[in-house]
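# Overview (structure and organization)
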Amino acid sequence: MKKSGERKIAHNVNGHTFPVVELLHISVGQPIPLLNIRMMSDEREQELARKGAAV
C-alpha cells in the first residue's frame, strides 16, 4: 500500500462531506480516500444520550 501526495479536497459519504487527508493506493483497484472524520468519545456519547440529544 502506498500513500499518494495527490490531493482531493473532499469526499461525499451518505450526503456528508469529509475532508480527504491522503489517497491510499493498493496493488489493485482505485485509490482509497483516507477521510478526516471526527470521532466522539464514549463519555460524550453517554452525556448526549442522557440529555436526549440525537447522536
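Residues numbered from 1 in each chain as written. Predicted model: local features only at pLDDT ≥ 70, side-chain atom pairs only at ≥ 80, totals over all residues. Heavy atoms only, no water.

We now examine the environment of Arg44. Positionally, Arg44 belongs in helix α1 (residues 42-51). Classification of Arg44 by relative accessible area gives partly exposed; the value is 38%. Looking at Arg44, its side chain comes within polar contact range of the side chain of Glu47, at 3.2 Å. (Helix = DSSP H or I, 4+ residues; strand = E, 2+ residues; numbered from the N terminus. Buried < 20%, exposed > 50% of the residue type's maximum accessible area, 1.4 Å probe, protein only. Polar contact = N/O pair within 3.5 Å; in protein donor to acceptor, adjacent residues only side chain to side chain.)

A few words on a nonpolar patch on the surface. Taken together, the side chains of Ile26, Val28 and Ile32 present a nonpolar region at the surface, about 270 Å² in accessible area. Mapped onto the fold, Ile32 is located in strand β4 (residues 32-35). With relative accessibility at 40%, the residue Ile32 sits in the partly exposed group. (Patch = residues over 30% accessible without salt bridge, like charges linked within 9 Å, V, L, I, M, F, W, Y side chains within 5 Å. Areas by Shrake-Rupley, 256 points an atom, 1.4 Å probe, with all protein chains shown as cover. Salt bridge = Lys/Arg side-chain N within 4 Å of Asp/Glu carboxyl O.)

Here we come to the pattern of salt bridges. This structure, assessed with the given rule, holds 2 salt bridges. Between Glu47 and Arg44 there is a salt bridge whose closest N-O contact spans 3.2 Å. With Glu47 and Arg44 both in helix α1 and 3 residues apart, this pair spans about one turn of that helix. You can call Glu47 partly exposed: its relative accessible area is 28%. Put simply, Lys51 and Glu47 hold a salt bridge, and the shortest N to O gap is 3.3 Å. With a gap of 4 residues between them, Lys51 and Glu47 both fall in helix α1, about one helical turn apart. Among the charged side chains, a salt-bridge network with shared partners connects Arg44, Glu47 and Lys51.

In this section: α1. With 1 of 10 residues buried, α1 lies mostly on the surface of the structure. With its phi angle positive at about 80 degrees, Gly52 sits one or two positions after the end of α1.

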